[in-house]
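What the coordinates show
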Amino acid sequence: MAEDVKPRVKVPKTAAAGEVITIKTLISHQMESGQRKGKDGNLIPRSIINRFTCDFNGENVIDVVLEPAISTNPYFEFDAKVPASGEFKFTWYDDDGSVYEDTKAITVN
Amino acid sequence: MIFSRRELLIVGAGASLTMALPIMTHAATSDELIATFTGGAAVAEGGITLTAPEIAENGNTVPVSIDAPGASEVLILATGNPNADVATFKFGPLAGSFVASTRIRLAKTQDVVAIAKMADGSFASAKSTVKVTIGGCGG
């Protein structure tokens with residue numbers, strides 16, 4: 001498992017019903033591309049996050065497939081519609097099988 | 001170090017194998033990836049927007065964003081990278097807009113291509129040339 005993987009997500013705390021909000025996500029991950037060579041001259045094996053999803057109350061907002069060409073500490077910015085109060089769930093899937101999760105609640109007033 | 005004839009042969013075989021490896025990793029060309037994504041359907045120019053910097057000083061992290069109104073899926077390709085595929089975005093029912101941004105690696109100066117699959121099954125594309133000062137694929 002990659003070390004020190006820490007998801008960071010920015011979601012507004014409140015929104016109006018049906019409002020479109022912008023979400024920013026960042027996760028610390030070295031995203032080893034499998035193209036680099038180590039000190040011993042051998043290729044460092046690929047180790048990346050290969051999928052990222054965002055759901056709101058079980059409904060999908062965005063689903064991204066990542067390839068090694070995504071930079072270290074993958075960053076995503078996208079918009080989501082908020083029909084009601086609820087919870088955003090963010091999930092990152094690592095090559096090694098680990099799954100990193102984060103949730104953020106939002107209140108509609 | 002002095003090699004015997006047998007050792008030299010083994011070393012030689014190893015070297016030619018490592019020489020062959022980069023050719024194999026180049027297999028995923030952008031044309032093939034586009035064909036797989038579209039299933040051979042025609043791709044129209046325009047209709048979507050791909051925003052990328054004209055000059056990227058550091059190829060390790062190049063900010064790109066897509067705006068593809070009406071798209072269900074967007075494929076991003078970096079035509080000059082060892083592996084051309086970069087990412088595939090799928091917009092779900094709660095996507096507020098068809099805009100998404102991320103940061104990508106570019107090995108050298110090249111074209112970045114976005115291909116969107118529209119809700120009606122047609123395809124649209126956008127292209128942006130990025131000049132890269134320092135490549136981002138290690139080595």
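A few points on the structure.

Definitions and cut-offs
- Residues numbered from 1 in each chain as written.
- Chains lettered and ligands numbered in written order.
- Predicted model: local features only at pLDDT ≥ 70, side-chain atom pairs only at ≥ 80, totals over all residues.
- Heavy atoms only, no water.
- Helix = DSSP H or I, 4+ residues; strand = E, 2+ residues; numbered from the N terminus.
- Buried < 20%, exposed > 50% of the residue type's maximum accessible area, 1.4 Å probe, protein only.
- Contact = heavy atoms within 4.5 Å.
- Areas by Shrake-Rupley, 256 points an atom, 1.4 Å probe, with all protein chains shown as cover.
- Lys, Arg positive; Asp, Glu negative; His and termini not counted.
- Charge placed at Lys NZ, Arg CZ, Asp CG, Glu CD.
- Pairing = 2+ DSSP bridges.
- Buried area = accessible area lost by both parts, 1.4 Å probe.
- Salt bridge = Lys/Arg side-chain N within 4 Å of Asp/Glu carboxyl O.
- Axes fitted to C-alpha atoms, helices over the stretch in contact; angles between N-to-C directions.
- Phe/Tyr/Trp six-rings, centres within 6.5 Å; stacked < 30°, edge-to-face > 60°.
- Lys NZ or Arg CZ within 6 Å of the ring centre and 35° of its normal.

When helices and strands are tallied, chain B shows two helices and nine strands. What you see in chain B, going N to C, is helices and strands ordered as α-α-β-β-β-β-β-β-β-β-β. Counting the 139 residues in chain B, one finds 41% classified as buried. Contacts spanning at least 24 positions in sequence make up 66% of the contacts within chain B whose residues lie at least 6 apart. Approximately 7400 Å² of chain B is accessible, and the part contributed by carbon and sulfur atoms is 61%.

Glancing now at the overall build of chain A. The helix and strand inventory of chain A stands at zero helices and eight strands. Of the regular secondary structure in chain A, the N- to C-terminal order runs β-β-β-β-β-β-β-β. Considered along the principal axes of its C-alpha atoms, chain A spans approximately 60 × 20 × 20 Å. A sequence separation of at least 24 residues applies to 57% of the contacts in chain A between residues at least 6 apart. Summed over all atoms, the accessible surface of chain A reaches about 5400 Å², with 47% contributed by carbon and sulfur. Here chain A holds 13 positive side-chain charges and 17 negative ones, and the gap between their average locations is 5 Å.

Turning our eyes to something else, we now look at the pairing of strand β8 (residues 110-118) of chain B. Sheet faces and side chains relate simply in a regular strand, where the side chains alternate between the two faces. All names here are of chain B. Taken across its nine residues, β8 has seven buried, putting it largely inside the fold. Sheet analysis places β8 next to strand β9 (residues 123-134), joined by eight bridges and oriented antiparallel. Bridging across to β9, A116 finds its partner in A124. Connecting the antiparallel pair β8 and β9 is a turn made up of four residues, with G121 showing a positive phi of about 95 degrees.

Attention now moves to the environment of I21 of chain A. All names here are of chain A. In this structure, I21 sits in strand β3 (residues 19-27). Overall, I21 belongs to the buried group, its relative accessible area being 4%. Separated by 33 residues in the primary sequence, I21 and C54 have C-alpha atoms spaced 13 Å apart. With residues near it in sequence (within four places) discarded, I21 still touches V11, P12, A15, F78, D79, A80, V82, F88 and I106.

Tallying the contact residues gives 30 residues for chain A and 28 residues for chain B. Contact with chain B buries area across many residues of chain A, yet Q35, A69 and S71 of chain A alone supply 23% of it, more than any other trio. At the boundary of chain A and chain B, one finds zero salt bridges. Looking at the side of chain A that touches chain B, the element that brings in the most residues is strand β5 (residues 59-66) of chain A, giving eight residues. Examined bridge by bridge, β5 of chain A and strand β6 (residues 85-91) of chain B share five bridges and lie antiparallel to one another. Across the sheet, residue I62 of chain A finds its bridge partner in β6 of chain B, namely F91 of chain B.

Our next topic: the sheet that holds strand β2 (residues 49-51) of chain B. Paired through backbone hydrogen bonds, the strands of a sheet run either parallel or antiparallel to each other. If you walk across this open sheet you meet the six strands as β1(A)-β3(A)-β6(A)-β7(B)-β4(B)-β2(B), and the pairing is antiparallel. Each edge of the sheet is formed by a strand with only one pairing partner; in this case those strands are β1 (7-10) of chain A together with β2 of chain B. Strand-to-strand twist of the sheet, defined as the mean angle between neighbouring strand axes without regard to direction, takes the value 20 degrees.

Summed over the entire model, instances satisfying the criterion amount to nine aromatic pairs over all chains. An angle of 55 degrees between the planes, with centres 6.1 Å apart, marks the rings of F52 of chain A and F78 of chain A as tilted. Taken as a pair, F52 of chain A in strand β4 (residues 49-56) and F78 of chain A in strand β6 (residues 75-82) lie far apart in primary sequence, 26 residues in all. No difference in accessibility class separates F52 of chain A from F78 of chain A, as the two residues are buried. Taken together, a centroid distance of 6.2 Å and an interplanar angle of 25 degrees make the contact between F88 of chain A and F90 of chain A stacked. For the pair F88 of chain A and F90 of chain A, a shared accessibility class is recorded, and that class is buried. These aromatic residues form a ring-pair network of at least three members: F52, F56, F76, F78, F88, F90 and W92 of chain A together with F89 of chain B. When the ring centre of Y75 of chain A is taken as origin, the NZ or CZ atom of R103 of chain B, which lies over that ring, is 4.2 Å away.

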